[in-house]
Amino acid sequence: MLDYITSYLKSDLTPGAAGNLFWAFVYIMLVFAGLSVAVIAMNWLERKILAHMQVRLGPMRVGPHGLLQPIADALKLLLKEDIIPAEADKAIFWIAPFMVVITAFTVFIVVPFGPTHAVTDMNIGILFMLGVSSLGVLGIVMAGWASNSHYPLIGALRSSAQMVSYEIAMGLAVIAAVLMTSLHGIGIYGVGTGTDGTGTLSMIGIVQAQMAQETWFIFKFFPLGLIAFFIFAVAMVAETNRAPFDLPEAESELTAGFHTEYSGFRWSLFFLAEYSSMIAVSSIAVTLWLGGWLRPFPNYLAGDGWDGFFSIFPGFTFLGLAAIAMVGTRRMPKHPYFKIQTIGLGGFAAVLALIGVVLLVPVVRDRIQDIYWFSAKVAVLMYMYIWYRGTFPRYRFDQLMKVGWKVLLPMGIGVLVATAIVGVI
Amino acid sequence: MEPVATTFFFYFLSAAAIIGGIFVILRKNPVHSALALITTLLAVAGLYLMLYAPFVAGVQIILYAGGIMVLFLFVIMLVNLERNQKQEQFNKQWLVGLMAALALGGLFVFVYVKGNVLFPAQALQLPEGENTQQVAIVLYGDYMFAFEIASLLLLVAIIGAVVMAKKRI
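What you see is a predicted model, and the numbers here were worked out from it, not measured in a lab.

Regarding the overall build of chain A
- Check the secondary structure of chain A and you find 16 helices and 0 strands.
- Computed over C-alpha atoms, the radius of gyration of chain A comes to 23 Å, within 12% of the 22 Å expected from 2.2 N^0.38 for 425 residues, which places it in the range of a compact globule.
- Put simply, 75% of the contacts in chain A that link residues at least 6 apart link residues at least 24 apart.
- Of the roughly 19,500 Å² of accessible surface on chain A, 73% is carried by carbon and sulfur atoms.
- Here chain A carries 25 positive and 24 negative side-chain charges, and the mean point of each set is 12 Å from the other.

Brief notes about the pattern of salt bridges
Residues and elements named next belong to chain A.
- Under the defined criterion, the tally for this structure stands at 8 salt bridges over all chains.
- In this structure, Arg242 and Glu46 form a salt bridge, with 2.5 Å as the shortest nitrogen-oxygen distance. Of this pair, Arg242 sits in the loop between helix 9 (224–239) and helix 10 (251–254) while Glu46 is found in helix 3 (residues 21–53), placing the two residues 196 residues apart along the sequence.
- Glu46 is the salt-bridge partner of Arg389, the closest N and O atoms lying 2.7 Å from each other. Here Arg389 is found in helix 15 (residues 362–391), whereas its partner Glu46 is found in helix 3, with 343 residues between them in sequence.
- Residue class for Glu46 comes out buried when judged on its relative accessible area of 3%.

So, the packing of helix 9 of chain A against helix 11 (residues 264–289) of chain A
All names here are of chain A.
- One can describe the packing of helix 9 onto helix 11 by two numbers: an axis separation of 10 Å at closest approach and a directional angle of 175°. In terms of their interaxial angle, helix 9 and helix 11 are classed as roughly antiparallel. Across the interface between the two elements, Gly225, Ala228, Phe229, Phe232 and Met236 of helix 9 pack against Val281, Ser282, Ile284, Ala285 and Trp289 of helix 11.
- Here the contact of helix 9 with helix 11 is composed, by residue class, of 8 nonpolar, 2 polar and no charged.

Observations regarding the interface of chain A and chain B
- Listed as interface residues are 32 residues of chain A and, on the opposing side, 29 residues of chain B.
- Summed over both partners, the interface of chain A with chain B buries about 2,500 Å², with 78% contributed by carbon and sulfur atoms.
- Considering only the side of chain A, the residues that lose the most area to chain B are Asn123, Leu138 and Trp145 of chain A, jointly responsible for 22% of the buried surface there.
- For the pair chain A and chain B, the number of links is 0 salt bridges.
- Linking chain A to chain B there are 1 residue pair in polar contact (both at pLDDT 80 or more).
- Counting only elements with at least two residues in the side of chain A that touches chain B, the list comes to helix 2 (15–18), helix 6 (125–146) and helix 7 (150–181) of chain A.
- Top contributing element to the side of chain A that touches chain B by residue count: helix 6 of chain A, with 11 residues.
- Among the residues making up the side of chain A that touches chain B, the classes are represented as 19 nonpolar, 12 polar and 1 charged.

Overview of the confidence of the model for chain B
- Within chain B, residue pLDDT values average 82, and 85% of them lie at 70 or more.
- For this predicted complex, the interface confidence comes out at an ipTM of 0.79, alongside a pTM of 0.86.

Thoughts on the packing of aromatic side chains
- Taken as a whole, this structure holds 28 aromatic pairs over all chains when the rule is applied.
- On the basis of an interplanar angle of 70° and a centroid distance of 5.2 Å, the ring pair of Phe8 of chain B and Phe9 of chain B is categorised as edge-to-face.
- Aromatic ring contacts, followed pair by pair, group Trp306, Phe309, Phe310, Phe313, Tyr372 and Trp373 of chain A into a single cluster.
- Just above the ring of Trp94 of chain A sits the side chain of Arg266 of chain A; from NZ or CZ to the centre is 4.5 Å.

Description of a nonpolar patch on the surface
Residue and element names in this part refer to chain A.
- A contiguous nonpolar patch, built from Leu78, Leu79, Trp94, Ile95, Phe98, Ile102 and Phe265 and spanning about 740 Å² of accessible area, is present on the exposed surface.
- The set of elements that each furnish at least two residues to the nonpolar patch consists of helix 4 (69–79) and helix 5 (90–106).
- Looking at which element gives the most residues to the nonpolar patch, the answer is helix 5, with 4 residues.
- Given a relative accessible area of 72%, Leu79 falls into the exposed group.

Thoughts on helix 4 of chain A
All names here are of chain A.
- Of all the residues in helix 4, the buried ones are Gln69, Pro70, Asp73 and Leu77. What you see down the axis of helix 4 is that its buried residues fit within an arc of 95°, all on one side. Exposed positions of helix 4 whose direction lies more than 90 degrees from the buried face are Leu78 and Leu79.
- Considering only its buried residues, helix 4 is in contact with helix 3 and helix 11.

Some words on the environment of Met203 of chain A
Residues and elements named next belong to chain A.
- Among the secondary structure elements, Met203 is positioned in helix 8 (residues 203–212).
- In this structure, the C-alpha to C-alpha distance between Met203 and Gly308, residues 105 residues apart in sequence, is 26 Å.
- Look past the residues within four positions of Met203 in its chain and what remains in contact with it is Val110, Pro112, Asp121, Gly125, Ile126, Met129 and Thr287.

Focus on the nonpolar core
All names here are of chain A.
- Residues Phe108, Ile126, Phe232, Met236 and Trp289 are the most contacted members of the largest nonpolar core, which totals 118 residues.
- The element best represented in this core is helix 6, accounting for 15 residues.
- For Trp289, the residues in contact, after removing those within four places along its chain, are Ala173, Val174, Ala177, Gln210, Trp216, Phe217, Ile218, Gly225, Ala228, Phe229 and Phe232.
- Within the second largest apolar cluster, 5 residues are counted, among which are Ala118, Val207, Trp293 and Leu294.

Notes on the packing of helix 5 of chain A against helix 11 of chain A
All names here are of chain A.
- Viewed as axis vectors pointing N to C, helix 5 and helix 11 meet at an angle of 25°, and their least axial separation amounts to 8 Å. Judged on the interaxial angle alone, helix 11 and helix 5 are roughly parallel. Here the hand of the crossing between helix 5 and helix 11 comes out left-handed. Contact residues: helix 5 offers Phe93, Trp94, Pro97, Phe98, Val100, Val101, Ala104 and Phe105, while helix 11 offers Arg266, Leu269, Phe270, Leu272, Ala273, Ser276 and Ser277.
- When its residues are assigned to classes, the contact of helix 5 with helix 11 shows 12 nonpolar, 2 polar and 1 charged.

What about unusual backbone geometry?
All names here are of chain A.
- The omega angle of the peptide bond from Phe222 to Pro223 is 5°, so this bond is cis rather than trans.
- Structurally, Pro223 is set in the loop between helix 8 and helix 9.
- Phi at Val55 is positive, roughly 55°, even though this residue is not glycine.
- One can find Val55 in the loop between helix 3 and helix 4.
- The phi torsion at Asn241 lies on the positive side, around 55°, for a residue other than glycine.
- Within the secondary structure layout, Asn241 lies in the loop between helix 9 and helix 10.

Calculation notes
In this numbering scheme, every chain counts its residues from 1 along its sequence in written order. Chain labels run from A onward and ligand labels from 1 onward, assigned in the order the entries are written. Where local features are concerned, this predicted model is filtered to residues with pLDDT of at least 70; where side-chain atom pairs are given and counted, the filter is 80 or more; whole-chain, interface and lining totals use all residues. With hydrogens and water set aside, each side-chain value is computed from the structure's full complement of heavy atoms. Counting from the N terminus, the helices are the DSSP runs of H or I reaching at least four residues and the strands are the DSSP runs of E reaching at least two. We take the radius of gyration over the C-alpha atoms and set the globule estimate at 2.2 Å times the residue count to the 0.38 power. Contacts: residue pairs with any heavy atoms within 4.5 Å of one another. Accessible surface is estimated by sampling points in the Shrake-Rupley manner with a 1.4 Å probe; for residues, cover comes only from the protein chains shown. His residues and chain termini do not enter the charge count, which takes Lys and Arg as positive and Asp and Glu as negative. Note that the charge is assigned to NZ on lysines, CZ on arginines, CG on aspartates and CD on glutamates. Criterion for a salt bridge: a side-chain nitrogen of Lys or Arg within 4 Å of a carboxyl oxygen of Asp or Glu. Exposure is judged per residue with a 1.4 Å probe applied to protein chains only, and the accessible area is read against the type maximum: over 50% gives exposed, under 20% gives buried, and values in between give partly exposed. Lines fitted to C-alpha atoms define the axes, with helix axes restricted to the stretch in contact, and inter-axis angles between N-to-C directions lie between 0 and 180 degrees. Angle categories are assigned with fixed cut-offs, so that under 35 degrees is roughly parallel, over 145 is roughly antiparallel, 65 to 115 is roughly perpendicular, and the rest are oblique. Here the term charged refers only to Asp, Glu, Lys and Arg, the term nonpolar to Ala, Val, Leu, Ile, Met, Phe, Trp, Tyr, Cys and Pro, and the term polar to all other amino acids, Gly among them. Using a 1.4 Å probe, buried area is obtained as the accessible area two parts lose upon being combined, added over both of them. N or O atoms closer than or at 3.5 Å make up a polar contact, with two conditions inside protein: a donor-capable atom paired with an acceptor-capable one, and, for residues adjacent in sequence, both atoms drawn from side chains. Confidence of the prediction at every residue is given by pLDDT, a number between 0 and 100. Two rings from Phe, Tyr or Trp (for Trp, the six-membered ring) form a pair when their centres sit within 6.5 Å of each other. Planes less than 30 degrees apart are called stacked, planes more than 60 degrees apart edge-to-face, and all others tilted. For a ring to carry a charge above it, either NZ of a lysine or CZ of an arginine must fall within 6 Å of the ring centroid while also lying within 35 degrees of the normal to the ring plane. Exposure above 30% relative accessible area and no salt bridge define the residues that can form patches, which grow by joining like charges within 9 Å and nonpolar side chains of Val, Leu, Ile, Met, Phe, Trp and Tyr within 5 Å. The arc in question is traced by the directions running from the helix axis to the C-beta atoms. The term nonpolar core refers to a set of buried residues drawn from Ala, Val, Leu, Ile, Met, Phe, Trp, Tyr and Cys, joined through side-chain atoms within 4.5 Å. Left-handed describes a crossing whose near helix is turned anticlockwise from the far helix by less than a right angle; the clockwise case is right-handed.

Given below as structure tokens:
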């Protein structure tokens, strides 16, 4: 038994490829826990960043700088009464939020946080992610229909029309990136060896192809990769129903869109699914165009010295966060009323510093590095989401359809054809 | 790697597919029928995965469960269901249904009894890790011409749909 557990650590495979059930389970739990923490952090950061963009303070009351606000909100949602409308279709009303959450979390089994840090690597990786996340539409349609009410139905119709339209542009951009994996680097990366001229759909294979071709796909065939990334970046905002494409839940028109009739725990499931699918599509963008887990300049700044330099980044990031928290602790009001909060923030700073120190240990930092770079890139895209929300006004529905069908779709086809032509030349 | 609990998953997915299929024809509410059909399609996708054909499984999920069925639901939701449910059902052709069921059942029994002779005992083992690449080589290499003709056919269908839907082009 112990041998079964330790034998995996010596292999250079994902738990799925090694067929090790124990580690597969551990990885699933880690991804699940990490996602939940990320959603909580995202919730707080979104409010704070939006507030600062609008010259407000944001949440300040629950805990120092509102740090405990997400936890208070989660408690409130769990304690709220769970109302099911009398005229609702009960069974479907029940299933819909679970459908959305399950699809939003299932896609993460193929997300490569590192060459070995994925639950499993599928031959159809990217296809699997797009397919399962497209099932999320079903949950939204079910929720809107089962509520048996006008706002949810209109919201669900808008949402499904929007997601189906933007999926096409998204798919074309993805195909352009997959096409790039088949060029120049034939047989160098593990997948598809010996089969000349074929690329790969595997998420790990795509990143390895970028390593082998010594460029992120966003810079490949400049500006073709950049345009494909732009199409994907627009389509992924529309796919996740976020501002400026948040018509399905436009507050001024539809109260809350497809989840108007939901409350309490079931509403929080929709919330969880929305944020985790945002992280999922950001991970696709990072894997396909931004080099996945690769650190900056893995080919040009190669060598032990540079490896060592880049491997201390994770530790120092956490130490920096600890320093910020420490400054916050020092600046807390010196009133007895704030004593507990000050101690709590100081403790938080100490925990962050401890994590930072642990991440600087050589054994840990070698294994953790890939995850850090991947998460950092995803975090940048998540910040962009908040930024869009703070700056762009909402589109009208006909404008949204026009952008999807008349701008992004022709652009996607053009990029695909151009990539194929340039690649052959 | 060695597959885990193959028998269990085979029976589980088959049962899900069959029960979903039965619900499709038993439910009066078309939305419930459509959801049951989605269950069936997903279970069949799982069976494709068990046959070491991940690409077919992925396409099944994207096209059928994620694409076509969403459009189905979209249309069904816009139809006035309450009036539909009061209408008389026109599934009164039980004689034809019985004959079709008997014929299909006979076929199943025949395959079950004679299966060892009809099919090879050992399925063709293709490497799972290259499934997509194999499909691509066959589709865009050996059967390029047929593939292009099929895509032309789809184009004709799209133009036909646009012509029918638009009164004035």
